[in-house]
Amino acid sequence: MDGHVAKNNESTFPSFVDLDDFLTKHNSNFIWLLVATILSCGWIIYLTYYNSRNIGLILTLIINRLYKDGYIHIGSFSFSVLSGKVMFRDVYYINQDMSIRIQDGFLIFRWWKMYNPKQKQHDPKAETRLYVTVNGFEFHVYNRTDLYARLQETFGLEPTLITPKKDEERGREDRNKTLDSVNIKAESPDPSSSWRSLIPVIKVNISTGRLAFGNHYLPQTLCVNFEDAFLTYATKPPSSHLDQYMHIVKGSLENVRVMLVPSPRYLGMQNDEPPRLMGEGFVVMQSNDVDIYYYQDEPGLVPVEQESGEEAETCSEGDKLQDLPPCWGLDIVCGKGTDFNYGPWADRQRDCLWKFFIPADYQDMKVTEVAQPGKPRQIQAFELRMNIIADATIDLLFTKNRETNAIHVNVGAGSYLEVNIPMTVGENGYSPTIKGQLLHVDTTSSMQYRTLLEAEMLAFHVIASYPRVWNMPQSWQCEIEVYKATYHFIYAQKNFFTDLIQDWASDSAPDIYSFVPYSWKFKILFHQFEMIWAANQHNWIDCSTKQQENVYLAACGETLNIDFTLPFNEFVPTTCHTRFSLKAEDTDMRLSLPECHPSRYPLLTLAKDYQNVKLPPDMFMPGENQGAPPPKPSKSCWRNITHAEAGWVDCWSVPNFLLIIDYTWHPIYPQKADEQLKQSLSEMEESMLSALRPPEHTSVPHNAPPRFATSSSAAHSRVPTDPSELPPDRLHVEMEMSPDSQIILYGPLLRALISIKVKTSLLCNNLKIFFFFFFSNFVKLVVIALLQ
């Protein structure tokens, strides 16, 4: 049995000798077959896993041998001729100022597409022949070596970044650049002579991109993150016939987030904490969909002026109108889910990033020379436009005692922002402008009484004037127009906005080396406004969301113009002066009592049944008509909340109102921390205990600035700590009203006026003087008093 099985095995599985005899008999060689199989498998494995990496290594060595201004690394590289596809992985470029990293990607050149050299030139809708896809794109800017090297040379410091070139070499390079710019050739009318005829449109898709600006010397790094980007590059005819063509890049980005992220390995102390953290850091802006449109004209040459009148007549008026400077700008359209967050902390980080990447050289700016004929035309300005096509939110965040406070603003679709940055310098410097509008504004605060402002539209326009000398006076103008606005006042808002200003203001000691004089000129214009005051007794405010039991006073009018200037033209002035001017037209005062108020229904009945009756002649001022004032015809005015159907009663009407406030105060400046550190323990103890000791009868120098802390050497002649001994601030108020003002005094109105907490305590403490002041200016007065 076993022998039979063995015999069957021998017949089923031939031995190696039998196999070799079989291959020899049939003129075959098993060894070569095995070697060919192994080599084929190895070659397939090499092509699949190692060929692209070796090619990438070879390209890396060759490129870095030829290119010396940075390091370029290519992890893997492969291409396919039939499909026109080039694939790459782990590519990054690093130099001393920035880095570009790509995780992987590919590009497809569709060489099989028919090429038509006579196709329409600069057609953005032409057929796409080049398609690029990138995954994991990162662009990081962390230094500006050339700029800081130039600053070292300007300030006469020892060069540590870049060896400065000799004047001869620098002059030779400048001449070469000038010659190259002059020798710019206009684009040939033949479209086949340009590479754009072969590749008229380039499409780029980026998945998971990131733009970063910062380094480990800055506390925060500005990051722009997006998930997907679909971009298209093309050219089109320029805006002026004098230019060559216009570059355009348009596309859409999804899930965009602009953030301030803590810099890794930051070398300094981080004491300033952000008011709010969302994920990796503080989110400045986020949106689900963002569309961008970037455009830039390729400048042409300045034409030679036509001397003969006949040639000048040949130029059409359309050509003259097209002689505009080259355009350069960026349009951004934000879609759904758009949120903006800003505040004092974010502004301090912006200032830190600005000073690092755009440091001041403290040199006089040179006037930009006008381009001469034969030289390239100049771009005059960069224009940035941002449009919001869906509802968005704006949060203004600040911190008080480690607690986050916020002003929340809801804006509607159609809001926009425009920024114009000049690229040339004139005799008087340059003036960037910012303008825009917010539609359907609904503003609330983080206070318990949340309602703040409602407006149909808020338009703003800011003009900044920078002179050519860095420390010459600057002028900033801000114009704000508000349409159909309703503003809610309570006394607690005074402390709320004071905390916001204190968080925004710098707490560093004044420095003469960095002081720049400037002034802010504000002009605020309200069209059809309502300003509502909560006038409960003892400043009690009901903050419930429904059925609030508050007494309200409202000033309603057609126009309100507020002008004032904040001057900062002197370094550490003894006193500061500000003048406020307030003008109002067709203003009415209305009163509203809650349902629970005992005088509500008597007031409504009295206001409803009131009829204008004759008063005794002696109740009117001499020289006027002896009779009752005729009733004024009622005219339709815009009202949002203060409707008569809702229980609002007219109490006072003023056709024209003017209020001027001159305020002079003594500023208090923060002291330098170095002086406090230099004090000994005994001096610090003396300064802390001086407030508890009786005042010394020592003379104070007349020339010493008030409200200043003196140095340790003049401890005996320190400024008085008693507020009554300090020089007073001055508040001068002028009020003017038109003669035909009318007021109807009700008992609840008097109580509401007394209960109002205005910002100027002088007006509250001298309420009797205030009443006497405006009563003496009335020409026609109708008095009906209902004292409760």
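Conventions we followed
Residues numbered from 1 in each chain as written. Predicted model: local features only at pLDDT ≥ 70, side-chain atom pairs only at ≥ 80, totals over all residues. Heavy atoms only, no water. Buried < 20%, exposed > 50% of the residue type's maximum accessible area, 1.4 Å probe, protein only. Helix = DSSP H or I, 4+ residues; strand = E, 2+ residues; numbered from the N terminus. Contact = heavy atoms within 4.5 Å. Core = buried A, V, L, I, M, F, W, Y, C linked by side-chain atoms within 4.5 Å. UniProt positions renumbered as here; feature names shortened; annotations may be inferred. Phe/Tyr/Trp six-rings, centres within 6.5 Å; stacked < 30°, edge-to-face > 60°. Polar contact = N/O pair within 3.5 Å; in protein donor to acceptor, adjacent residues only side chain to side chain. Pairing = 2+ DSSP bridges.

Caption draft 1: Spotlight on helix 4 (residues 145-155). Burial in helix 4 covers these residues: T145, L147, A149, L151 and Q152. Looking at the buried side of helix 4, the elements it contacts are helix 9 (344-357).

Caption draft 2: Main features of the nonpolar core. Grouped together as the largest cluster of nonpolar side chains are 95 residues, with contacts concentrated most on F526, L553, L591 and L749. Membership of the second largest hydrophobic core comes to 6 residues, among which are A126, A234, M246 and I248.

Caption draft 3: Examining the UniProt feature "transmembrane region" (unreviewed entry) in the chain more closely. This chain's UniProt record puts "transmembrane region" (unreviewed entry) on residues 30-49, 70-88 and 769-787. Secondary structure within residues 70-88 divides into 0% helix and 74% strand; the distance between the first and last C-alpha atoms comes to 19 Å.

Caption draft 4: View of the packing of aromatic side chains. Overall, the coordinates contain 27 aromatic pairs when judged by the stated rule. Arranged with centres 5.0 Å apart and planes meeting at 15°, the rings of F522 and F564 form a pair that is stacked. Of the two residues, F522 sits in strand 18 (residues 518-534) while F564 sits in strand 19 (residues 552-568), which places them 42 residues apart along the sequence. A residue is classified by how much of its surface remains accessible, and F564, at 16% relative accessible area, is buried.

Caption draft 5: Representation of unusual backbone geometry within the structure. Positive phi, close to 55°, is recorded for Y362, a residue that is not glycine. Here Y362 is to be found in the loop between helix 9 and strand 11 (381-388). Taking relative accessible area as the criterion, Y362 reaches 41% and is therefore assigned partly exposed. Despite not being glycine, K484 shows a phi value in the positive range, around 50°.

Caption draft 6: Examining the side chain of Q244 more closely. Looking at where Q244 falls in the secondary structure, it is placed in the loop between strand 6 (220-236) and strand 7 (245-262). Assessed through its relative accessible area of 18%, Q244 is described here as buried. A polar contact is formed between the side chain of Q244 and the backbone oxygen of P299, at a distance of 3.3 Å.

Caption draft 7: Broad picture of the pairing of strand 5 (residues 202-213). Sheet topology note: the strand 4 (residues 130-141)/strand 5 ladder contains 11 bridges and is parallel. Residue pairing for strand 5: E138 is matched across the bridge by R210. Pairing between strand 5 and strand 6: 11 bridges, direction antiparallel. Bridging from a neighbouring strand, K203 pairs with T232 of strand 6. Linking strand 5 to strand 6, which pair antiparallel, is a turn of 6 residues; within it G214 sits at a positive phi near 155°.

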